[in-house]
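Structural overview
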Amino acid sequence: AGINDWGGVSPLTPDFVNPESPWPHTDQLAQSTQDAGKVLQQRLTIYPAYTHDLTRWAASNVATAVLQKMDTAGFARQDEWLTGQSDKAPSDIISFVKSSPNPDHVDATTKDILEALYSAGSEELTEQELTHLFHARGASFSAICNAANQLRQEVCGDAVSYAVNRNINYTNMCTYRCQLCAFSKGKRQVGLNEPAYNIGTDEIVARSVEAWRKGGTEVCLQGGIHPDYTGETYLAICRAIHEALPNMHIHAFSPLEVSQGAATLGLSVKDFLSELKAAGLNSMPGTAAEILSDDVRNILCADKINTSEWLEVMETAHCLGIRTTATIMFGHIDRYKHWITHLLHIRDLQIKTGGFTEFVPLPFVANEAPIYRKGKARRGPTLRESILMHAIARLVLHPHITNIQTSWVKMGEAGAGLCLNAGANDMGGTLMNESITRAAGAIHGQEWTQDVMERFIHAQGRTPWQRTTFYQPAEKSILEAV
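Structural notes, computed from the coordinates.

**Concerning the overall build of the protein chain**
Check the secondary structure of the protein chain and you find 21 helices and 9 strands. A compact globule built from 482 residues would reach a C-alpha radius of gyration of about 23 Å, and the protein chain, at 23 Å, matches this within 12%. C-alpha extents for the protein chain along the principal axes are approximately 80 × 50 × 40 Å. Residues classed as buried in the protein chain amount to 54% of the 482 residues present. A fraction of 76% describes how many contacts in the protein chain between residues 6 or more apart in sequence connect residues 24 or more apart. For the protein chain, the accessible area works out to roughly 20700 Å², and carbon and sulfur atoms hold 50% of it. In the protein chain, 41 positive and 52 negative side-chain charges are present, and the distance between their average locations comes to 4 Å.

**Remarks on the side chain of threonine 406**
Its location among the elements puts threonine 406 in the loop between helix H17 (383–397) and helix H18 (408–419). Owing to a relative accessible area of 0%, threonine 406 belongs among the buried residues under this scheme.

**Focus on helix H20 (residues 450–459)**
Within H20, burial applies to Met453, Phe456 and Ile457. In a view along the axis of H20, the buried residues occupy a sector of 95°, so they form one face of it. Among the exposed residues of H20, those pointing more than 90 degrees away from its buried face are Asp451, Arg455 and Ala459. Of the surrounding secondary structure, the elements contacted by the buried residues of H20 are strand E1 (159–163), H18, strand E8 (426–429) and strand E9 (463–466). A positive phi of about 75° marks glycine 461, the residue just after H20.

**Examining the side chain of histidine 318**
Within the fold, histidine 318 resides in helix H14 (residues 307–319). Its relative accessible area of 10% is what places histidine 318 among the buried residues. Looking at histidine 318, its side chain comes within polar contact range of the side chain of threonine 353, at 2.7 Å. Every residue in contact with histidine 318, bar those within four places of it in the chain, is listed here: Arg323, Thr324, Leu349, Thr353, Gly355 and Phe356.

**Considering the nonpolar core**
Core analysis: the biggest nonpolar cluster contains 123 residues, and Leu221, Leu276, Trp310, Leu343, Phe359, Ile387 and Met427 have the highest contact counts within it. Per-element accounting of this core gives the leading share, 10 residues, to H17. Excluding residues within four positions of it along the chain, tryptophan 310 makes contact with Pro255, Gly286, Thr287, Ala288, Ala289, Leu292, Ile305, Ile346 and Phe356. Listed in part, the 9 residues of the second largest apolar core include Ile46, Ala63, Val66 and Met70.

**Remarks on the sheet that holds E1**
Strand order in this open sheet of 3 strands is E8-E1-E9, and the pairing throughout is parallel. Sheet topology places E8 and E9 at the edges, where each strand pairs with a single neighbour. Averaged over all pairs of adjacent strands, the angle between strand axes in this sheet comes to 20°, irrespective of strand direction. Here E1 runs beside E9; their pairing, made up of 4 bridges, is parallel. In the sheet register, alanine 159 faces E9, and the bridge partner there is threonine 463.

**Structural notes on the environment of leucine 12**
Structurally, the position occupied by leucine 12 is in the segment before helix H1 (26–35). Looking at leucine 12, the relative accessible area reads 82%, which means it is exposed. Along the sequence, leucine 12 and arginine 323 sit 311 residues apart, while their C-alpha atoms lie 55 Å from each other.

**Describing the packing of aromatic side chains**
Applying the stated criterion across every chain yields a total of 11 aromatic pairs. Plain terms: the ring middles of tyrosine 50 and tryptophan 57 are 5.1 Å apart, the flat faces sit at 90° to each other, and that makes the pair edge-to-face. Judged by its relative accessible area of 35%, tyrosine 50 is partly exposed. Ring geometry for phenylalanine 96 against phenylalanine 141: centres 6.2 Å apart, planes inclined by 70°, an arrangement best described as edge-to-face. Remark: phenylalanine 141 occurs in helix H8 (residues 138–156) and phenylalanine 96 occurs in helix H5 (residues 91–98); sequence separation between them is 45 residues. Owing to a relative accessible area of 0%, phenylalanine 141 belongs among the buried residues under this scheme. An aromatic cluster of at least three residues, connected via ring pairs, comprises Phe134, Phe330, Tyr336 and Trp339. Seen from the ring of tyrosine 47, arginine 43 lies directly overhead, with NZ or CZ sitting 4.1 Å from the centre. Over the aromatic face of tyrosine 471 sits the side chain of arginine 467, whose NZ or CZ is 4.1 Å from the ring centroid.

Reading the values: the criteria
- Residues numbered from 1 in each chain as written.
- Predicted model: local features only at pLDDT ≥ 70, side-chain atom pairs only at ≥ 80, totals over all residues.
- Heavy atoms only, no water.
- Helix = DSSP H or I, 4+ residues; strand = E, 2+ residues; numbered from the N terminus.
- Rg over C-alpha atoms; globule rule 2.2 N^0.38 Å.
- Buried < 20%, exposed > 50% of the residue type's maximum accessible area, 1.4 Å probe, protein only.
- Contact = heavy atoms within 4.5 Å.
- Areas by Shrake-Rupley, 256 points an atom, 1.4 Å probe, with all protein chains shown as cover.
- Lys, Arg positive; Asp, Glu negative; His and termini not counted.
- Charge placed at Lys NZ, Arg CZ, Asp CG, Glu CD.
- Arc of directions from axis to C-beta.
- Polar contact = N/O pair within 3.5 Å; in protein donor to acceptor, adjacent residues only side chain to side chain.
- Core = buried A, V, L, I, M, F, W, Y, C linked by side-chain atoms within 4.5 Å.
- Pairing = 2+ DSSP bridges.
- Axes fitted to C-alpha atoms, helices over the stretch in contact; angles between N-to-C directions.
- Phe/Tyr/Trp six-rings, centres within 6.5 Å; stacked < 30°, edge-to-face > 60°.
- Lys NZ or Arg CZ within 6 Å of the ring centre and 35° of its normal.

By themselves, these figures tell us nothing about what the structure is for.
Pasting the structure below:
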């Protein structure tokens, strides 16, 4: 009859005013709400419409407290799960992901959107309709996870891929001031966890050789924008690795690094990428994307490349035959509408070029990020939101991108396992020295060995297979070569 809120419910204390009519237990209230065709969701004292305009409606110290307690929709966070830190998943989330929902409890709009995605694809749906999926809770959340998992099984089967690779983050010194980044050092280095460093080319090659001898097929190279780096620095790194290890796949340099490198040499992005390819570059990571929506980027990273520049670098790389990954860094100051905008940018470029190998959701690790330490960002996405990102990406990007990767560094074992049941088919790399997420406060480690990776995948009831960067089987003859 029009009611959308139960007011305050206090199941933890007696009702001294009306003892004959005690507060209902929240489970009982949730059942009554479900019987009425709705979903019970805890809110904060301040309603969601106001949480999205805290500058107007809350004093700064109150705004910080609200941000720490809210999810992306502006409701209360459902649990204490945190990106990069939590080892366990709440039982209700596990149940929703792994069980089939009662169709009677799935909201009609979600049913219609899922049906449209299966029959006609995301191109036939509006941004507003697709954004609705991220609001899903309860049975509707379960329905989306089930739909994504079914689509994953149809497209990829039950095999879960992974690569044996090594991350080399050659410098954490950076001239940029991205508010999400706890890795970069420079003027902000005093008082932070790790000192500034810069690894020379000889050491980069030595680490690459060590990775090759341990069975690695890929070396992933990224770092801060060091004030002394030019395009020649990146070219020299590629040449040195390629000369020492001609069969090692060089997966390197974010669009920001490419743009900066080209500018220092007075070259176009196209010409610089051509030189990198000739020097041995095989593919590029799709990092520095954060959120491909400039109203968010202008707050997070105003001095970095904007949305159109990021997309232009990627399109240029694809047109030169340099394939790339695509990422999203979500759960900070963004909203669901920004997530869908980002996904559609990726989808549309993939339709045009076909150059993305995979999509990698990267939930925000808050602990050491400057914007969080200033009290101006959320604590990262909730587990429900993180799982939904994998599931909705599978549905929205189909059939254009067939590989959805889950980051074990960010999601942990429990979270990654749930993502494998909600659309993901790839576990990423073994990494051998992951530094960037660790610097942000993650505790899930720097390396999963092949044995650990395969045991984990088997434990999920799935079959592991080692891949190359381009999702081909890693041949034993290549792995044994030195």
